[in-house]
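Notes for the structure review
Each chain is listed here by its residues.
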Amino acid sequence: MGLMIAIIDYKAGNLRSVERALKKLGFDCRITFDREEILASERVIFPGVGAAGKAMADLRQLGLDGVLKQVFENGKPFLGICIGVQIILERSEEDRVHCLGLIPGEAKAFPVPFMSGDNECLKIPHMGWNGLRLIKKHPVLSGIKCEDEFYFVHSYYPMPASDIHVIGTTEYGIRFPSVIGNRNLIAMQFHLEKSGAPGLRILKNFCHWDGQTC
Amino acid sequence: MLSKRIIPCLDVREGRTTKGIKFKQNVDIGDPVEMGRLYYEEGADEIVFYDITASNERRDIMIDVVSRVAGAIFIPFSVGGGIRTLEDMRSVLLAGAEKVSVNSAAIKDPEIISRGAEAFGRQCIVLGMDVKRVKLSTAIPTGYEMVINGGRTYTGIDALKWAKDAEGLGAGEICLNSIDADGTQDGYELTLTSLISENVNIPVIASGGAGNIDHIHEVLTRGRADAALVASIIHYETCSIREIKETLNARGVKVRMTW
């Protein structure tokens, strides 16, 4: 039996906060860039902040781009957080980079200047607490209430080519997909490790998830 | 839409929490990790830990506090006070803080903002501003001047100009403290807060002067602040974070109501 949860180490991002949250919940996890260890683990989390171009370059340099595709193909439960939502798409407008392509579509930039419906200039990055509207049921989001809020920090948002991959949306000037998924893969734009009890609940759900959607 | 944030501020000296009244007569009110956990469970949206340790040799104590806080609360928190170098920033962020705030060090060396933003991302870099009301002059056209050393030293820098310059350098957020209002519990400096908030495109946290919930409501609406820093009002249990949020919510201000 291998490691339970592998947190992908790509030499950037706030990896410790995900590790701390998992430890608090009592789950065995390790921050790693070891291919064998990642492939032998029961589930995989790709967390972090930073820029898409840098993240993809680091992944390629560590030879982890292929490993992550394999994790997805193998049906292993796979969670992306923040930058992890961008790199699973085909490409990102940030650094105009080609990504893993596990979900068709791209990460798009919020327009600048960004006006709200009341003609107020919206600040970028979108930073702070915001809601989540569930478009479809998903085991990882079970128990999440419509009034729960999550902590966001981002200037780009995921735009899957098809609505079938959109699980939840959030409103900030526009309504954008904030949770997307495909089979055993689920990714969220917000930092669930920094979103209090509802965030920890999602993390816990993920740790019990078998990778099947409903 | 984004919720307005309620942010408790804990002053920490040599690993213990205090609350300064106009930066004097500090009263010990407990352990920062326990206080942080308490406020996290009460619904704080973020927490600020402000290190007021006098000597530099004791900085390791604060790093230890930061890492223990990071294992106890699962919302963002920032650390300020005595942050002077990129290394200071790095050690605080590595210990688990989401953000660092720079104040007087940025006035002496504005490049610390751009270097910090480049190294860690602009969302990590909070500019702390201590501001005093002064006579209008050519140098200070807004009548609000940047001060340092807890308000004892005037810098000759206009507060609005500094806010804009810092935004240009890469500050991701501003924590705006009125020295005139701080500790008075007479309300936030609304004119100053709306002046800064309307003229920058980064979030502004209002600080100094909260005495009751009306003051908080006022600064988040008329003052146009994105967040309100609260200290004495909750440390001395004038009201709880839950009461603040329930009142704001009832008055139509969007705040996070579940945690």
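Residues numbered from 1 in each chain as written. Chains lettered and ligands numbered in written order. Predicted model: local features only at pLDDT ≥ 70, side-chain atom pairs only at ≥ 80, totals over all residues.

**Quick word on the sheet that holds strand β11 (residues 133-134) of chain A**
Residues and elements named next belong to chain A. Across the sheet, which stays open at both edges, the eight strands sit in the order β2-β1-β3-β4-β16-β15-β14-β11 with mixed pairing between neighbours. Looking at which strands have only one partner, the edges of the open sheet turn out to be β2 (29-32) and β11. Pairing geometry for strand β3 (residues 43-46) and strand β4 (residues 78-81), over three bridges, is parallel. In the sheet register, Ile45 faces β4, and the bridge partner there is Leu79. (Pairing = 2+ DSSP bridges. Helix = DSSP H or I, 4+ residues; strand = E, 2+ residues; numbered from the N terminus.)

**Examining the interface of chain B and chain A**
Listed as interface residues are 21 residues of chain B and, on the opposing side, 28 residues of chain A. Residues that form the side of chain B that touches chain A fall into these classes: 10 nonpolar, seven polar and four charged. (Contact = placed C-beta atoms within 7 Å. Nonpolar A, V, L, I, M, F, W, Y, C, P; charged D, E, K, R; others polar.)

**Overview of helix α1 (residues 32-42) of chain B**
All names here are of chain B. For α1, every residue scored as buried is listed here: Pro32, Val33, Met35, Gly36, Tyr39 and Tyr40. Down the axis of α1, the buried set is contained in an arc of 160 degrees. They therefore lie on one face. Once α1 finishes, Gly43 follows within two positions and takes phi at roughly 110 degrees, a positive value. (Buried ≥ 20, exposed ≤ 12 C-beta atoms within 10 Å, placed from the backbone. Arc of directions from axis to C-beta.)

**Some points on the pairing of strand β7 (residues 125-133) of chain B**
Along any regular strand the residues' side chains alternate between the sheet's two faces. All names here are of chain B. Summarising burial for β7: seven of the nine residues are buried, a large majority. Both β7 and strand β10 (residues 173-178) contribute to a ladder of six bridges, which runs parallel. Along β10, the bridge assignment pairs Gly128 with Cys175. With three bridges connecting them, β7 and strand β8 (residues 144-148) associate as antiparallel partners. Among the inter-strand pairings, Val131 is bridged to a residue of β8, identified as Met146.

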